[in-house]
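Commentary on secondary and tertiary structure
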Amino acid sequence: MILKLAYKNVISRRSSFIIILFVSFAVCLFCVANAVFDSTEQGVQENYISSFTGDLMIRPKSSSQLSLFGDETPVTGELTRITTLIPFEDIYSFVNSQNQVKNTFAQVSGMAAMEYGSNRLAVCVFGVNGDEYLRALDSIKLVEGSPYTAGERGVMLCTNTAAKLGVTIGDIVQFVVADGPYVRIRAAPLTALFEYTIHNDIFDRFAIADSDTVRSLLDMSEAASVEQIEIDEENTTLLDQDLDFDFDSLFADVSDSEVDEWFYEDEEDVDAVESLDETETQTATPASSTWNFLIVRLKEGVSAKKMISKLNRAFRKNGWPVQATDWRHAAGSTALYLHWMRIIFNIGISIVLFAGFIIVNNTLVINILDRSQEIGTLRAIGAKKRFISLQCMAETFILTLTSGLIGVLLGVWVCSLITKANIVLHNSFLIQLFGGDALKVFVTPGNVLKMFMLVVGLGLAGWVYPVINAVRISPVRAMQGAR
């Protein structure tokens, strides 16, 4: 009965349609603004994740703001030497054992001057395995050449960076690092040129090189663990003997021909052994355990936030001095200015919308206060305060929920029109902000939920205060037009 009466009261007043129109417009504007905000966030995130940060990064624990470029604490503003992941083998095995992980690659990082002829550029050198790097980061498209293989010296550059340096495939690129009074210079050939799907000027600061060259350039010593071997006392007698004797006398009775006959029966055996030695030399180089970071790509649909929490719990349990962090921390200051620009933009829009919603709320309040005579009449004929409160609440929520539904539908329609218009962006900042050269906005289920939470809040704010004041007025004064 209350809902039926409230519905009749709503449709019987002309002011209801004005309120619905006004609230719908405000909700539509808020919906479009949120869609734009989400588009910028997702655009930047997808661009950085698929270009160099991965979904998450595992780094050494540090009290400073440590990114892929080093210490970027705003107070110091200096890039310092990055510590290594310890124990790397255990960390790497554990991370790759997780079902949610799609790809991983290890990385060493450092700042250097890259030179070719008279050209010089300040870059951040990423030491990685070339194949793994290109396989994990799908925003990188190979243009010319091929990635260097494991154990091979090589450099890969973005086409823009290569053009600035004036190098082509096969040219020898030099890296220079000053370390106090000393200068270290390392060189490697350019093996590949690539491009990013969405270009960002920040990406021109990267140089991808083999990890051995980068370690040598940064004077990073190889981490190694020494295992102590217990020797039984009965097997230590040789240590107590006098070793002052001629070792050649041990083989004095064996001739060279006998040695040859014992090792090689014929020339085919000799060739086979030489071939075996060559193969073993190519594959015997052990994988390094000295790395600054471990970049992780997750399978589609996996929450990076939940995975970070899971990994950090495991790291703490095992006592490993490392931590997992998200893509924004991995990017450091390169993504910071975009983040703050988004915040400033959001604040500006929010102020405008907040002012609009104050007007909307006042409209709802006045709508009830103007009905003081009606409320007084209802109370005079025996209506209780609870009945009046529920009726006013029902009317307010019919107005706000109807307005919210219409506003959301209008917002979705406006966003689809913007996307279909295929608005092309030419400003480099806007391209970075939206993660593409075309403006694409979309309304997510989260946005819809926010909108309805907003209109419910408006309904409560527009119902509680005026109804409390209205029911406090005596029926006689209310019927006389008291406010």
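Rules behind the numbers
Residues numbered from 1 in each chain as written. Predicted model: local features only at pLDDT ≥ 70, side-chain atom pairs only at ≥ 80, totals over all residues. Heavy atoms only, no water. Helix = DSSP H or I, 4+ residues; strand = E, 2+ residues; numbered from the N terminus. Buried < 20%, exposed > 50% of the residue type's maximum accessible area, 1.4 Å probe, protein only. Contact = heavy atoms within 4.5 Å. Areas by Shrake-Rupley, 256 points an atom, 1.4 Å probe, with all protein chains shown as cover. Core = buried A, V, L, I, M, F, W, Y, C linked by side-chain atoms within 4.5 Å. Polar contact = N/O pair within 3.5 Å; in protein donor to acceptor, adjacent residues only side chain to side chain. Expected span 1.5 Å × (residues − 1). Arc of directions from axis to C-beta. Axes fitted to C-alpha atoms, helices over the stretch in contact; angles between N-to-C directions. Left-handed = near helix turned anticlockwise from the far one by under 90°. Nonpolar A, V, L, I, M, F, W, Y, C, P; charged D, E, K, R; others polar. Pairing = 2+ DSSP bridges. Parallel < 35°, antiparallel > 145°, perpendicular 65-115°, else oblique.

Looking only at helices and strands, the protein features 17 helices and 12 strands. Counting the 483 residues in the protein, one finds 42% classified as buried. For the protein, the share of sequence-separated contacts (at least 6 apart) that also reach a separation of at least 24 residues comes to 78%. Carbon and sulfur atoms form 58% of the exposed surface of the protein, whose accessible area is close to 27,200 Å².

What follows deals with the nonpolar core. If you look at the biggest cluster of nonpolar residues, it comprises 42 residues, and the most contacted ones within it are Ile58, Leu157 and Phe175. Counting residues per element, this core draws most heavily on strand β4 (residues 101-116), at 5 residues. Not counting chain neighbours up to four residues away, the residues in contact with Ile58 comprise Leu85, Ile91, Val95, Asn292, Phe293, Leu294, Val296, Leu311, Phe315, Val322, Gln323 and Ala324. With 33 residues, the next largest nonpolar core counts Phe126, Ala136, Phe293 and Ala330 among its residues.

This part covers the side chain of Ser50. Structurally, Ser50 can be placed in helix α2 (residues 14-53). Given the relative accessible area of 12%, Ser50 is considered buried. Of note is the side chain of Ser50, whose polar atom sits 2.7 Å from the backbone oxygen of Glu46. Residues within four places of Ser50 in sequence aside, it is in contact with Leu137, Asp138, Ser139, Ile140 and Arg297.

Looking now at helix α10 (residues 304-318). Here α10 spans 21 Å end to end across 15 residues, near enough to the 21 Å set by a 1.5 Å rise per residue. Taken together, the buried positions of α10 are Met307, Ile308, Leu311, Asn312, Ala314 and Phe315. Projection of α10 onto a plane perpendicular to its axis shows the buried side chains occupying an angular sector of 160 degrees, all on one side. Facing away from the buried side of α10, by more than 90 degrees, are the exposed residues Lys305, Lys306, Arg316 and Lys317. Against the buried residues of α10 lie β1 (56-60), α3 (88-96), β4, β11 (293-298) and β12 (322-326). With its phi angle positive at about 75 degrees, Gly319 sits one or two positions after the end of α10.

Structurally, Phe203 is set in the loop between β9 (182-196) and β10 (206-209). Counting along the chain gives 151 residues from Phe203 to Phe52, while the straight-line C-alpha distance between them is 8.6 Å.

A word on the packing of α3 against α10. If you want to describe how two helices pack, look at the angle between their axes and the distance between the axes. For the pair α3 and α10, the least separation of the axes is 12 Å and the interaxial angle reads 145 degrees. The way α3 lies across α10 gives a crossing that is right-handed. Along the contact surface, α3 presents Ile91, Phe94 and Val95, while α10 presents Leu311, Ala314 and Phe315. The residue inventory of the contact of α3 with α10, partitioned by class, reads 6 nonpolar, no polar and no charged.

Looking at chain direction, strand β6 (residues 140-145) and β9 are connected through 5 bridges and run antiparallel. Its bridge partner being in β9, Ile140 is matched across the sheet by Tyr196. Relative to β9, strand β7 (residues 155-158) runs parallel, the two being bridged by 4 bridges. Each bridged residue has a counterpart across the sheet, and for Val155 the counterpart in β9 is Leu190. Relative to β9, strand β8 (residues 172-179) runs antiparallel, the two sharing 8 bridges. Looking at the pairing, Val173 lines up with Ala188 of β9. In textbook terms, the turn of a hairpin is the stretch between consecutive antiparallel strands, and for β8 and β9 this stretch comprises 2 residues, one of which, Gly180, has a positive phi near 65 degrees.

Moving on, we come to the side chain of Ser109. Residue placement: Ser109 occurs in strand β4. Overall, the relative accessible area of 5% leaves Ser109 in the buried class. A polar atom in the side chain of Ser109 sits 3.0 Å from the side chain of Gln107. If near-sequence neighbours (up to four positions away) are discounted, Ser109 is found in contact with Leu68, Ile82, Val125, Phe126, Leu218, Asn292 and Phe293.

As a further point, take the packing of helix α1 (residues 2-12) against helix α14 (residues 385-420). Here α1 crosses α14 at 55 degrees, and the two axes come no closer than 9 Å. Comparing their axes, α14 and α1 come out oblique. The chirality of how α1 crosses α14 is right-handed. Along the contact surface, α1 presents Ile2, Leu3, Leu5, Ala6, Tyr7, Asn9 and Val10, while α14 presents Phe387, Leu390, Gln391, Ala394, Glu395, Ile398 and Leu399. The residue makeup of the contact of α1 with α14, split by class, is 11 nonpolar, 2 polar and 1 charged.

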